Amino acid sequence: MKIRIGQVLSFCRIGHRPNQEDARFPDMDYPPSTQRFFVVCDGVGGTELGEVASTTVCQAFAKMMHEVDFMKDFTNVDFLHVLDEAFDALDRKSRQLNDNDFATTLAFAAFHEGGGTLAHIGDSRIYQFRKDIGIVYRSDDHSLVNQLVHKGLITADEAIDHPQNHVITRSMEPVEFDENRSPATVYRTSDIQDGDCFLLCTDGVYGCFDEEELARLFSLSANIEEAFSVLAAKCEESSDNNTAFLISIAEVENTEVNKDASVITTSISTSLTDVQSESQRQ
């Protein structure tokens, strides 16, 4: 499967916050189409060094992804290796600062011959949009309100303005030797078509939109740059830091081989012996 990436657009802005705790890789508004992996991190609110955590993880992913051969395929074991190194980088930073009060979310995407590998920890999101269809994939937040929605205790509409809608249940942070690291949810897919768009963003972005707006914006617009400008303009008034990547898919070869391939969402911990399937999407 050969995936040719088209336009890649991005922004990373402070919003109405006193400091910037978001980070991204690559750290540029117009990454080249040769860029094949992307990282968005949001330093967790309430910690003193959220910007340290987000920057450390982005830098660790950048270093490790350039050290692994992920273009032919990027397996769960490969991802575990990179994720472990990013957690190790947080542990080293904690010892250096003599402080472990920092954490970050993660949204990650890589495109290779096996398709796409999408992963997240926390409530930074990944969307896949398709022309005339809308959202074909959206990551499932690791958050308290999302757990309440899944349990049927509140509705999705009630979750939007819930007083605890920023409480996350997983994050990347330094841990003690006997503590478990938060697992990532990894989505591997070969269901990628010409014209698809992938959006990686922090809650300061998607909090400005409802999902119907996002679906219309990126599935009906004929001009990706104009659609992204609309997104960026609306996020200017965000009360939070706001960061996003939009990756457009220009061309996919050999899609007929992969059309009926199953798509599996897997919860991956940082122990190779603890890889378990959460659900399967046909």
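Just so you know, these numbers come straight off a predicted model, no measurement behind them. (Residues numbered from 1 in each chain as written. Predicted model: local features only at pLDDT ≥ 70, side-chain atom pairs only at ≥ 80, totals over all residues. Heavy atoms only, no water.)

Trainee: Give me the packing of aromatic side chains: which residues, what numbers.
Mentor: The final tally for this structure, using the stated rule, is 14 aromatic pairs. A centroid spacing of 6.0 Å and a plane angle of 45° characterise the contact between Phe74 and Phe108, whose relative ring orientation is tilted. Taken together, the residues span a long stretch of sequence, with Phe74 in the loop between α1 (50–65) and α2 (76–97) and Phe108 in strand β4 (residues 106–112) at a distance of 34 residues. Given a relative accessible area of 0%, Phe74 falls into the buried group. Residue class for Phe108 comes out buried when judged on its relative accessible area of 0%. Here the aromatic residues Phe25, Phe37, Phe61, Phe70, Phe74, Phe79 and Phe108 are joined through ring pairs into a cluster of three or more. Looking at Arg13, its charged tip hangs above the ring of Phe11, at a distance of 4.3 Å from the centre. Taking the ring centre of Tyr206 as reference, the NZ or CZ of Arg125 above it sits at 3.7 Å. (Phe/Tyr/Trp six-rings, centres within 6.5 Å; stacked < 30°, edge-to-face > 60°. Helix = DSSP H or I, 4+ residues; strand = E, 2+ residues; numbered from the N terminus. Buried < 20%, exposed > 50% of the residue type's maximum accessible area, 1.4 Å probe, protein only. Lys NZ or Arg CZ within 6 Å of the ring centre and 35° of its normal.)

Trainee: So what's going on with the confidence of the model for the protein? Residues and values would help.
Mentor: Per-residue confidence for the protein averages 87 on the pLDDT scale, and 87% of its residues sit at or above 70. Within the model, the stretch residues 257–265 combines pLDDT values under 50 with 25 contacts to residues more than four positions away or in other chains. (pLDDT = per-residue confidence, 0-100. Contact = heavy atoms within 4.5 Å.)

Trainee: Lay out helix α7 (residues 224–235) with the relevant residues and their values.
Mentor: With twelve residues, α7 extends 17 Å between its outermost C-alpha atoms, agreeing within 8% with the 16 Å of an ideal straight helix rising 1.5 Å per residue. When we look at burial in α7, the residues that qualify are Ile224, Ala227, Phe228, Leu231, Ala232 and Cys235. Seen end-on, α7 carries its buried residues on one side only, within an arc spanning 140°. The inward-facing, buried residues of α7 abut β1 (2–13), β9 (197–201), α5 (203–206), α6 (211–220) and β10 (242–253). (Expected span 1.5 Å × (residues − 1). Arc of directions from axis to C-beta.)

Trainee: Kindly report on the nonpolar core, identifying the contributing residues and their values.
Mentor: Counting 34 residues, the largest nonpolar core has Phe61, Leu106 and Phe108 as the members making the most contacts within it. Those elements that provide at least two residues to this core are β2 (22–25), β3 (37–42), α1, α2, β4, β5 (115–121) and β8 (184–189). The element contributing the most residues to this core is α1, with nine residues. Counting residues in hydrophobic clusters, the runner-up holds 22 residues, among them Leu199, Leu217, Phe218 and Phe228. (Core = buried A, V, L, I, M, F, W, Y, C linked by side-chain atoms within 4.5 Å.)

Trainee: Describe in detail the sheet that holds β1, supporting the description with residues and values.
Mentor: Across the sheet, which stays open at both edges, the five strands sit in the order β1-β10-β9-β6-β7 with antiparallel pairing between neighbours. The open sheet has two free edges, formed respectively by β1 and β7 (134–138), since each of these has just one partner strand. Strand-to-strand twist across the sheet, computed as the mean angle between neighbouring axes with direction ignored, equals 20°. Packing against the sheet, α6 makes contact with β6 (125–130), β7, β9 and β10, and its axis sits at approximately 50° to β6. Against the sheet, α7 makes contact with β1, β9 and β10, and its axis sits at roughly 25° relative to β1, the strand it touches most. (Pairing = 2+ DSSP bridges. Axes fitted to C-alpha atoms, helices over the stretch in contact; angles between N-to-C directions.)

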